[in-house]
Structures are given as C-alpha cells and as structure tokens.
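Chains, contacts and geometry: an overview
One-letter residues, chain by chain:
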Amino acid sequence: SKAINSIQGASDRLGEIIKQVLDYVSLESNPAVKKEKVDLSESMKVALASTKKTAESKELNLVSKIAEGLFISGDLERIEKGFHYLFMDTLGRTPQKGEIRIMAAEKDKNILIEVERSGELLGSEGFDVLETGQSQMNHQRNLGVGLAVFKRIINDHSGTVRLENRQNRTVIVTSLKAI
C-alpha cells in the first residue's frame, strides 16, 4: 500500500508537469489576451483555495493579506491559472511546516503582489531567467514549469515579475496595472 501511494503520488506530479508544459506551449502559440475587467482579489483567493489541500498536507503556516477591490484589465481564466501555478510552485518549494505570506495591495496605480516563503533560497540562475525574460521552456526548467507559466501570463498582461531574497526568504514580486 505504501508503494502504491508512492507510485500514485509520482504519477500525479508527472500529470501536473505535463499539464503545465501544455499550458505553456498554448500560451506561446496563442499570446492574445482577452481584455475584460478582472477582480484580481477574487481571482487570487480562488487560486489560493485550489491549493488548500496541498498546504494542509505540508502543515504550512499560510498568511494572506489580499486587499479587496483590486481590478485589472485581462483574461480571467489565464490570471487564475497563473496564480494557481505560482501558489503550487511556492508550496512545492516550502519545507514541511514552513511559512508562506501572500500580500496584494494597490500602490501608485499598480497592484503589487508579494509571495514570500521560507526554505531554500532561489539561486542566481533563477534571478537570471526572470530578469532576462527568456521564454524558452528549457531556460526556465530550474524555476519550475508553473513559475514559467505564471511569468508568461503576467508578461502577456504587461506586468512584471522579479525575485528577491530577503532575510533568508525568497519573495516573488509581481506588479500589474490597476484599473
């Protein structure tokens, strides 16, 4: 039974990676973004709720401060998918009983989102990939396919994503234009 659970877990992870790669390829071949009013506050909460089971299984301390009324012009389905992948990537990199802090607020007509986690710091190659904006999947494999999909979606929405290491914590900082 332990072996079956292990095989099932590996199969689930492989299925998720395949799904992420297919999403990335789809974004590359169809970069056009629908322009509709998106409640980013609600979209982030939906994406966060989709990761609840994983967070509970790792006994994580999850703190979120998502301001209400954060709106962008964009593609609701892509935004929710992107944040789901960001949160899943963050959960995967956070150690058992670690901590994740999610903050979203409007500042200077932009929406600033910070996802901070405990655990191993992301190395310089992770910073290089996000800073240079490489879109080829093989250049982003060390970041995780989910984070590559997230970055692509944010770039397609004229936003930015950058990494910071602060006090032994990795922070993914995202900025999108508010409407």
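Right above here is the structure, for reference.
Report follows, based on the coordinates. (Residues numbered from 1 in each chain as written. Predicted model: local features only at pLDDT ≥ 70, side-chain atom pairs only at ≥ 80, totals over all residues. Heavy atoms only, no water.)

**Thoughts on the packing of helix α4 (residues 76-93) against helix α7 (residues 145-156)**
Any two packed helices are characterised by the angle at which their axes cross and by the distance between the axes. Packing of α4 against α7 brings their axes to within 8 Å, and their N-to-C directions diverge by 145 degrees. Pair α4 / α7 crosses with left-handed handedness. Contacts from R78, I79, G82, F83, Y85, L86 and D89 in α4 reach G146, L147, V149, F150, I153, I154 and D156 in α7. Each residue belonging to the contact of α4 with α7 can be placed in one class, and the counts come to 9 nonpolar, 2 polar and 3 charged. (Axes fitted to C-alpha atoms, helices over the stretch in contact; angles between N-to-C directions. Helix = DSSP H or I, 4+ residues; strand = E, 2+ residues; numbered from the N terminus. Left-handed = near helix turned anticlockwise from the far one by under 90°. Contact = heavy atoms within 4.5 Å. Nonpolar A, V, L, I, M, F, W, Y, C, P; charged D, E, K, R; others polar.)

**Thoughts on helix α2 (residues 40-49)**
Every buried residue of α2 is accounted for by L40, S41, S43, M44, A47 and L48. Projected down its long axis, α2 carries its buried residues within an arc of 165 degrees, all on one side. A side-chain oxygen of the first residue of α2 lies 3.1 Å from the backbone nitrogen of S41; this N-cap is D39. (Buried < 20%, exposed > 50% of the residue type's maximum accessible area, 1.4 Å probe, protein only. Arc of directions from axis to C-beta. Polar contact = N/O pair within 3.5 Å; in protein donor to acceptor, adjacent residues only side chain to side chain.)

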